[in-house]
Structure formats: structure tokens, C-alpha cells
Amino acid sequence: MNVLKQVTQISHLRDARKRLPEPVGFVPTMGYLHAGHLSLVKRAREEAASVVVSIFVNPTQFAPTDDLEAYPRDLERDTALLQEAGVDLLWLPTPEVMYPPDFQTWVNVESLTQPLEGTKRPGHFRGVTTVVTKLFNAVQPQMAFFGQKDAQQAAVIRQMVKDLNMPIEIFVEPIVREPDGLAMSSRNTYLNPKERQAALCLYRALEAAQTTYQAGQTNAESLRETMRTIIHAEPLAELEYVSCADYDTLVELETVKGKSLLSMAVRIGKTRLIDNHVLEAV
Ligand code: PAF
């Protein structure tokens with residue numbers, strides 16, 4: 001089994017990176033790993049000769065009202081999982097390494113960051129694209145792996161890589177779900193047993209809309225209404241948005257024609273959950 005090397009400083013990362021067999025696959029994470037992250041590592045192992053993972057709870061993608069300090073962390077467990085998954089190099093930058101006091105440069109993807117999560121979390125994607133650019137610059141991978149669970153994040157990163165000519169192939173891997181359908185997320189840990197049960201309404205709503213689409217309904221508003229009705233029927237759920245949008249541009253549709261994205265954000269108690277289904281063209 002590979003020995004998992006751990007580094008914090010960028011200079012140490014670069015030294016260790018130089019010795020890794022090419023091509024290098026990279027999985028950026030915020031830690032508190034679950035089966036979704038491990039599926040990204042597995043795919044990276046299949047595609048690349050070496051795998052680098054980063055764990056960094058990035059402060060710039062949290063709103064001042066979000067509880068950054070409360071974000072779940074378990075480095076010992078994460079390290080054991082990554083060792084077992086055959087990761088070669090683990091980068092654990094500190095906030096000081098990523099954002100020294102004179103830091104002042106930001107990366108911003110424009111239109112794609114405006115709808116959906118953008119309306120509810122202003123500044124979030126600017127934090128994501130800036131940190132991902134910094135992580136990419138330091139690791140210099142040939143491939144990077146993201147989850148479809150954060151569908152808008154994946155679209156934004158694909159656009160950024162294209163716009164800025166970053167020589168990195170972006171892989172977007174399917175959502176990993178619990179046996180009852182709940183999408184894996186580090187935030188699920190915040191749910192109490194009643195909320196955990198209520199959280200299934202997201203999957204139910206997406207499944208219902210997808211079934212309706214497969215039965216021939218292509219009117220996007222009707223699909224959105226199907227999802228709304230199911231979320232509103234769950235007393236513990238507070239709907240933030242439902243969307244039926246073009247897969248690439250994220251523009252809301254009138255009629256579903258090509259590849260499309262059903263997505264939603266729902267608060268269950270204090271926990272904000274997102275989920276989505278991709279509709280393939282029929
Ligand atoms: O998806 C995440 O965990 C984060 O947004 C990422 C890509 C690691 C950037 O902080």
C-alpha cells in the first residue's frame with residue numbers, strides 16, 4: 001500500500017509533487033470525507049498515475065453568517081480513509097498559507113454564478129473559484145475530480161478552466177446516495193433523526209419530476225411545480241428554490257429539449273441541503 005505523505009507548506013507540496021508519477025489526478029475537498037469523496041478518489045486512481053487530495057475548509061466561500069467554525073472536521077479519520085484509498089499525497093494548507101495578510105486577487109466567473117446558489121449565497125462562487133485556482137496552481141494536476149452533487153460548482157469550474165485555458169481535464173462524478181436516496185453530504189451530520197427523515201423529500205421531489213418527464217411532460221414549469229408540491233408537503237422543509245434549467249448555461253427553461261438540470265435547495269431545520277437530477281434528452 002502507498003504511504004500517504006502529508007504536507008502543509010506550498011514549497012513542500014511542490015517538492016513532493018515533482019516526485020510523483022505523471023499524470024497527476026487531484027481531488028480538492030473540505031474534509032469530513034464520505035463515500036462521495038471516496039468515489040472521486042477511486043475514479044482518480046483509475047484515471048491517473050498518482051493522486052493528490054487537499055483538505056482545506058475555505059473561509060472565503062462561507063458567508064459571514066455561515067458558521068465556519070462549526071463546519072465538521074475529523075482529520076484523523078479522513079487521513080485513515082485516504083491512506084486506505086491509496087492516495088499518494090495529502091495537502092493540508094492552513095488559512096495563512098492560502099490567504100496571507102496582503103492577499104488581494106480574486107477569480108470570478110460571471111453569468112454562471114448568478115442564478116440558483118448565486119442568488120442565495122452571494123460571493124460563494126468567487127471564494128470557490130479563487131481557492132480552486134490557487135489549489136490548481138500549486139498542485140498542477142493534469143486532471144481534477146468534482147462531484148455532480150454540487151452541479152453549479154462543477155459547471156462554474158468547467159467554465160473557469162475553459163476561459164482561463166487551464167490545462168486540466170475536469171471529471172464530474174455521479175452523486176453518491178444513502179440506500180434511501182439521501183445525497184451524501186458532510187452537512188447531513190447536522191440532521192437529527194426527524195430531520196434526516198424529512199430530508200428525503202428532496203430525493204422524492206427529484207424522482208417525481210424525473211418520472212413525470214420520462215412519461216412525456218416537457219413543460220419545465222410543470223416539472224418545477226411537481227417538485228414544489230412535494231417539498232411544501234413536508235412540514236420540516238423550507239424551500240429556497242427549485243429549478244429546471246439548461247445543463248450547461250443554467251438558464252431556466254420553458255420546455256425541456258436537451259440535457260437539463262433539475263435542482264433545488266431546501267432548508268431542513270437549520271441545515272441547508274442541495275440536490276439535483278440530470279435529465280438526458282429523450
Ligand atoms: O466542493 C468542495 O468541497 C469545495 O467547494 C472545494 C471545491 C473543495 C473548494 O473549496
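So, a few notes on the structure that sits alongside this text.

What counts as what
- For every chain, the first residue of the written sequence is number 1, and numbering continues from 1 onward in sequence order.
- With the structure being a predicted model, the display of local features is reserved for residues of pLDDT at least 70 and the display and counting of side-chain atom pairs for 80 or more, all residues being used for whole-chain, interface and lining totals.
- Note that water and hydrogens are dropped before the side-chain values are worked out from all heavy atoms of the structure.
- Here a strand is any run of E in DSSP of at least two residues, a helix any run of H or I of at least four, and the numbering for each starts at the N terminus.
- A radius of gyration in this sense is built from C-alpha atoms; the matching globule rule multiplies 2.2 Å by the number of residues raised to 0.38.
- The cut-offs for exposure are 20% and 50% of the maximum accessible area for each residue type, with area from a 1.4 Å probe on protein chains only; residues under the lower value are buried, those over the upper are exposed, and the others partly exposed.
- By definition, residues are in contact when any of their heavy atoms lie within 4.5 Å.
- The protein chains shown are the only cover counted for residues, whose accessible areas, like all others here, come from Shrake-Rupley with a 1.4 Å probe.
- By the counting rule applied here, Lys and Arg register as positive and Asp and Glu as negative, while His and the ends of each chain are not counted.
- Where a charge lies is defined by one atom per residue type: Lys uses NZ, Arg uses CZ, Asp uses CG and Glu uses CD.
- For the purposes of this section, nonpolar cores are sets of buried Ala, Val, Leu, Ile, Met, Phe, Trp, Tyr and Cys residues that join through side-chain atoms within 4.5 Å.
- By definition, two strands form a pair when at least two bridges between them are found by DSSP.
- Orientation is described by lines fitted to C-alpha atoms, with helices fitted over the stretch in contact, and by angles between N-to-C directions that extend from 0 to 180 degrees.
- Proximity is defined per residue: any heavy atom of the residue falling within 4 Å of a molecule or strand makes that residue near it.
- For this analysis, a polar contact is any N or O atom pair within 3.5 Å, provided that within protein one partner can donate a hydrogen and the other can accept it, and provided that sequence-adjacent residues contribute only side-chain to side-chain pairs.
- Between Lys or Arg on one side and Asp or Glu on the other, a salt bridge is scored when a side-chain nitrogen of the former is within 4 Å of a carboxyl oxygen of the latter.
- Note on terminology: angles under 35 degrees are roughly parallel, angles over 145 are roughly antiparallel, angles of 65 to 115 are roughly perpendicular, and the others are oblique.
- Under the convention adopted here, Pro, Cys and the residues Ala, Val, Leu, Ile, Met, Phe, Trp and Tyr are nonpolar, Asp, Glu, Lys and Arg are charged, and Gly plus all remaining residues are polar.
- Note on ring pairs: Phe, Tyr and Trp rings are taken, using the six-membered ring of Trp, and paired if centres are within 6.5 Å. Classes follow the plane angle, with under 30 degrees stacked, over 60 edge-to-face and the rest tilted.
- Whether a charge lies above a ring is judged from NZ of Lys or CZ of Arg, which has to be within 6 Å of the ring centre and within 35 degrees of the ring normal.

### So, the overall build of the protein chain
Then, number 1: Counting its secondary structure elements, the protein chain contains 10 helices and nine strands.
Then, number 2: For 282 residues, the compact-globule formula gives about 19 Å, and the C-alpha radius of gyration of the protein chain, at 19 Å, lands near that figure.
Then, number 3: Expressed along its principal axes, the backbone C-alpha trace of the protein chain runs to roughly 55 × 40 × 40 Å.
Then, number 4: Looking at the protein chain as a whole, 51% of its 282 residues qualify as buried.
Then, number 5: Pairs at least 24 apart in sequence give 73% of the contacts found in the protein chain among residues at least 6 apart.
Then, number 6: Accessible surface, the protein chain as shown: approximately 13500 Å² in total, 51% of it carbon and sulfur.
Then, number 7: Charged side chains in the protein chain number 29 positive and 35 negative. The centres of these two groups are separated by 2 Å.

### Let's talk about the nonpolar core
Then, number 1: By size, the foremost hydrophobic cluster in this structure holds 42 residues, and its most contacted members are Trp91, Met98, Val132, Phe136 and Ile170.
Then, number 2: Mapped onto this core, the elements with two or more residues apiece are helix H1 (10-18), strand S2 (24-29), strand S4 (89-91), helix H4 (95-98), helix H6 (124-139), strand S5 (143-147), helix H7 (151-163) and strand S8 (260-268).
Then, number 3: The element best represented in this core is H6, accounting for eight residues.
Then, number 4: Counting 26 residues, the second-largest nonpolar core is a separate cluster that includes Leu223, Met227, Val256 and Leu279.

### Examining the sheet that holds S8
Strand pairing in a sheet is mediated by backbone hydrogen bonds. Such pairs are either parallel or antiparallel.
Then, number 1: Read from one edge to the other, the open sheet built from three strands follows the order S7-S8-S9, with strand pairing classed as antiparallel. The open sheet has two free edges, formed respectively by strand S7 (237-246) and strand S9 (271-279), since each of these has just one partner strand. On average, adjacent strands in this sheet sit at an angle of 15 degrees to one another, irrespective of strand direction.
Then, number 2: Against the sheet, helix H9 (residues 200-214) engages S7, S8 and S9, with an angle of about 20 degrees to S9.

### Re the site of the ligand
Then, number 1: Every residue close to the ligand is listed here: Pro28, Thr29, Met30, Asn58, Gln61, Val131, Val132, Phe146, Asp150 and Gln153.
Then, number 2: In the model, an oxygen atom of the ligand is placed 2.6 Å from a nitrogen or oxygen of the Gln61 side chain.
Then, number 3: In this structure, Gln153 approaches the ligand through a side-chain N or O atom, which is 2.7 Å from an oxygen atom.
Then, number 4: Protein chains bury 89% of the 290 Å² of accessible surface belonging to the ligand in isolation.
Then, number 5: Among the elements of the structure, S2 and H6 are those that each provide at least two residues to the shell around the ligand.

### Here's the deal with the environment of Leu273
Then, number 1: Position of Leu273 among the secondary structure elements: in strand S9.
Then, number 2: In sequence terms Leu273 and Leu20 are 253 residues apart; their C-alpha atoms lie 37 Å from each other.

### What about the side chain of Asp78?
Then, number 1: With respect to the helices and strands, Asp78 occurs in helix H3 (residues 75-84).
Then, number 2: Notably, Asp78 is buried but unbridged: the nearest opposite-charge side chain belongs to Arg77, and the N-O separation is 4.4 Å.
Then, number 3: Discounting chain neighbours no more than four positions away, the residues touching Asp78 are Gly31, Tyr32, Leu33 and Ile55.

### Considerations on the packing of H1 against H6
Then, number 1: Two elements in contact, H1 and H6, have axes separated by 9 Å at closest approach and are oriented at 50 degrees. On the basis of the axis angle, H1 is oblique to H6. Contacts from Ile10, Leu13, Arg14 and Arg17 in H1 reach Asn137, Ala138 and Val139 in H6.
Then, number 2: Of the residues that constitute the contact of H1 with H6, the class distribution is four nonpolar, one polar and two charged.

### Quick notes on the packing of aromatic side chains
Then, number 1: Under the defined criterion, the tally for this structure stands at seven aromatic pairs.
Then, number 2: Between Phe26 and Phe136 the ring centres are 6.2 Å apart and the planes differ by 70 degrees, which places this aromatic pair in the edge-to-face class. Within this pair, whereas Phe26 is found in strand S2, its partner Phe136 is found in helix H6, the two being separated by 110 residues in sequence.
Then, number 3: For Phe136, a relative accessible area of 3% puts it in the buried group.
Then, number 4: On the numbers, 5.6 Å between centres and 80 degrees between planes, the contact of Phe62 with Tyr71 is edge-to-face. Each member of the pair, Phe62 as well as Tyr71, carries the same accessibility label: buried.
Then, number 5: Three or more aromatic residues joined by ring pairs form one cluster here, namely Phe56, Tyr99, Phe103 and Trp106.
Then, number 6: In this structure, Arg126 packs its charged tip against the face of Trp106, placed 3.8 Å from the ring centre.
Then, number 7: Between the NZ or CZ atom of Lys259 and the centre of the ring of Tyr247, over which it lies, the distance is 4.1 Å.

Shape descriptors only; they carry no functional weight alone.
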